[in-house]
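Results of the structural survey
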Amino acid sequence: MPSQYVTADIKSDGYAVITIKREPVNSMNMDVWVQLLSALDELENNPKVRGVIFQSGISRPIFTAGNDLLELYAPKTSKERYTKFWKISNQFLARLYRSKLITISAIKGACPAGGCCLSMCCDYRVMSEDGYIGLNEVALGISVPNIWIKLMSSIIGQGKADKILQFAVLLDTKQAKEIGLIDEIVKEHDQVLPTAEGIMKQLLKTPDAGRQVTKGFLRNEFADVWGNEERLTKEAEGGFELLSLPRTVKALDGVFARLRKPKM
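Throughout this document, residue positions are counted from 1 along each chain, in the order its sequence is written. Where local features are concerned, this predicted model is filtered to residues with pLDDT of at least 70; where side-chain atom pairs are given and counted, the filter is 80 or more; whole-chain, interface and lining totals use all residues. Side-chain numbers here rest on the full set of heavy atoms in the structure, without hydrogens or water.

Below, the discussion takes up the environment of L243. Numbering of helices and strands runs from the N terminus; a helix is a DSSP stretch of H or I covering at least four residues, while a strand is a stretch of E covering at least two. In this structure, L243 sits in helix α9 (residues 229-244). Residue classification places L243 among the buried positions, given a relative accessible area of 6%. The spacing of L243 and P75 is 168 residues in sequence and 9.4 Å in space, taken between C-alpha atoms. Whether two residues are in contact is decided by their heavy atoms, any of which lying within 4.5 Å being enough. Here L243 is in contact with L72, A74, Y82, I142, T248 and V249, once residues within four sequence places are set aside. The cut-offs for exposure are 20% and 50% of the maximum accessible area for each residue type, with area from a 1.4 Å probe on protein chains only; residues under the lower value are buried, those over the upper are exposed, and the others partly exposed.

With that out of the way, let us pick up helix α10 (residues 246-260). By this rule, a helix spans an expected 1.5 Å times one less than how many residues it contains. Compared with an ideal rise of 1.5 Å per residue, which puts 15 residues at 21 Å, α10 spans 21 Å between its outermost C-alpha atoms and is within 8% of the ideal. Buried residues belonging to α10 abut α9.

In the segment running from E23 into P24, the intervening peptide bond is cis, with an omega of 5°. Tracing the backbone shows P24 in the loop between β2 (15-20) and β3 (27-28). Although it is not a glycine, N26 sits at a positive phi angle of roughly 60°. The residue N26 is located in the loop between β2 and β3 in this model. Despite not being glycine, A168 shows a phi value in the positive range, around 55°. Tracing the backbone through its elements, the reader meets A168 in the loop between α5 (158-166) and β10 (171-172). Given a relative accessible area of 16%, A168 falls into the buried group.

We now examine the packing of helix α3 (residues 113-120) against helix α4 (residues 146-156). Lines fitted to C-alpha atoms define the axes, with helix axes restricted to the stretch in contact, and inter-axis angles between N-to-C directions lie between 0 and 180 degrees. Relative to each other, α3 and α4 sit at 50°, their axes nearing to 11 Å. For the element pair α3 / α4, the angle class is oblique. Read as a crossing pair, α3 and α4 show a hand that is left-handed. Here α3 contributes A113, G114, C116, C117 and M120 to the contact with α4, which in turn contributes W148, L151, M152 and I155. Basically, the charged four are Asp, Glu, Lys and Arg, the nonpolar ten are Ala, Val, Leu, Ile, Met, Phe, Trp, Tyr, Cys and Pro, and anything else, Gly included, counts as polar. For the contact of α3 with α4, the class distribution of residues is eight nonpolar, one polar and no charged. Angle categories: roughly parallel below 35 degrees, roughly antiparallel above 145, roughly perpendicular from 65 to 115, and oblique for all the rest. Handedness of a crossing is defined here by the sense of rotation of the near helix relative to the far one, left-handed for an anticlockwise turn of less than a right angle and right-handed for a clockwise turn.

Encoded structure:
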């Protein structure tokens, strides 16, 4: 049986808190994405739940470090596993992006790559002052997924996304708030969730019916394209070809070597 990395706590006020806890850095492997999709499915089908907040439960100041690199490292995976991994992760993200629930990301500290994408799928983002955020895949020797590029561009604009994504820029909280990538900054880690909960309670004052229809008008067309299984299968096939290239494997070898170095 896989370990339980994702838990949901339903509050009496009509929302739930999903906690991701996979020490040491909340790297998102197949099990994490499967559990996230399952939790979202259960909450969306619970008539008592109208909103959901995502938070980190690990000890370090990290929301999630993004996808587990072992799921992307061709010598240690397979085309079949990578295809399954890619489909399940992006089907969750597309579902989250269009969810009828009010969604908030409560970001403690670092939020690169897949963590950034999860947060961008939410309706509102709260972040601790010491955090940073961005899609920095290029720094690891891999490309930013096309649909993730379009998502960020839809939030902050094509011009800003162009520079940030090409050069793997990670934004601090002030920079991220200035361009609309996050919505609220709090000083301390222990203020992130309470602030998100306060915002959730305010947003829940909006009636669901009109909000949900409007959200659908804004997001469903994009989400339909994103979560299309045939498109994801083709994307995974092309992605695995790129991950299998010697230069990509060498780049990830370098990343693993840096991660193995003892911290000073």
